[in-house]
Amino acid sequence: IAPPGSVLWTIYIIVAAWLTFNVFWNYLITVVTPPGAVPHDYEDPLPRDPESQLDMREEKHPDGFKRWCKKCRKPKPPRTHHCSVCRRCVLKMDHHCPWVSNCVGWRNYRTFFLFMAYLWVGCLYVMATSAPTFIKHIRTRGPITPGHTYVVMSFILSFSVSIAVGLLL
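What am I meant to see in the environment of Val-126 here?
Position of Val-126 among the secondary structure elements: in helix α3 (residues 109-140). Val-126 sits 32 residues away from Ser-158 along the chain, and the two C-alpha atoms are 6.6 Å apart. When residues no more than four places from it in sequence are discounted, the contact partners of Val-126 are Ser-154 and Ser-158.

In structure tokens form, the structure reads like this:
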């Protein structure tokens, strides 16, 4: 789009570097941040005597919750779910994401969302900057030069990923 060394080319490179940095940074933070575990001092709001445990369905805490994880054998706060992959209870669990090899929960939901948003914007950016070359190739229907092969493939890949990620957002 712009000749190397021009001001416009420099702006393209800076924007691309900024988007790439944000995609990788938010991905890294999502992977290394634990999703949020149940506090060790969390107590079940219901009494623990055997008579009240017999009738758990009728006896409820004023907020309406009575949750107990059968696998962890611990009380669970509201919106906490047990992840069968991680084998732990996660606060405000959204899902277990195999791409980040971690659950998305209370502590890393923000960085996961930012990772997905920057990935989507980055794909749109690649599509926008490679669109003129892609359209030129479609109109001429001639052989692709070796330098343009990468641009056309980048456009197609970015288009596919942007649709997939855009549907998730």
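How do you make sense of the side chain of Asn-22 when you look at a structure like this?
For Asn-22, the location among the structural elements is in helix α1 (residues 7-32). A polar side-chain atom of Asn-22 sits 3.0 Å from the main-chain carbonyl oxygen of Trp-18.

Help me understand the pairing of strand β3 (residues 80-83) in this model?
Walk down a regular strand and you will see the side chains alternate between the two sheet faces. Here β3 pairs with strand β4 (residues 88-91) via four bridges, running antiparallel. Counterpart to His-82 in the pairing with β4 is Cys-89.

I'm lost on unusual backbone geometry in this one. Help?
It is generally the case that most residues other than glycine have a negative phi and that most peptide bonds are trans. In this model, Lys-92 sits at a positive phi of 50°, which is unusual for a non-glycine residue. Mapped onto the elements of the fold, Lys-92 is located in the loop between β4 and β5 (95-97). Given a relative accessible area of 40%, Lys-92 falls into the partly exposed group. Phi at Ser-101 is positive, roughly 55°, even though this residue is not glycine. Residue placement: Ser-101 occurs in the loop between β5 and β6 (102-104).

Help me understand the packing of aromatic side chains, please; the structure alone is not making it clear to me.
For any pair of aromatic rings, the description rests on two quantities: the centre-to-centre distance and the angle between the ring planes. Applying the stated criterion across every chain, the model contains five aromatic pairs. Consider the rings of Tyr-27 and Phe-115, whose centres lie 5.3 Å apart with planes at 50°: the pair is tilted. With Tyr-27 in helix α1 and Phe-115 in helix α3, this pair connects stretches of sequence that are 88 residues apart. We classify Tyr-27 as partly exposed; its relative accessible area is 31%. Judged by its relative accessible area of 11%, Phe-115 is buried.

Cut-offs applied
Residues numbered from 1 in each chain as written. Predicted model: local features only at pLDDT ≥ 70, side-chain atom pairs only at ≥ 80, totals over all residues. Heavy atoms only, no water. Helix = DSSP H or I, 4+ residues; strand = E, 2+ residues; numbered from the N terminus. Contact = heavy atoms within 4.5 Å. Polar contact = N/O pair within 3.5 Å; in protein donor to acceptor, adjacent residues only side chain to side chain. Pairing = 2+ DSSP bridges. Buried < 20%, exposed > 50% of the residue type's maximum accessible area, 1.4 Å probe, protein only. Phe/Tyr/Trp six-rings, centres within 6.5 Å; stacked < 30°, edge-to-face > 60°.

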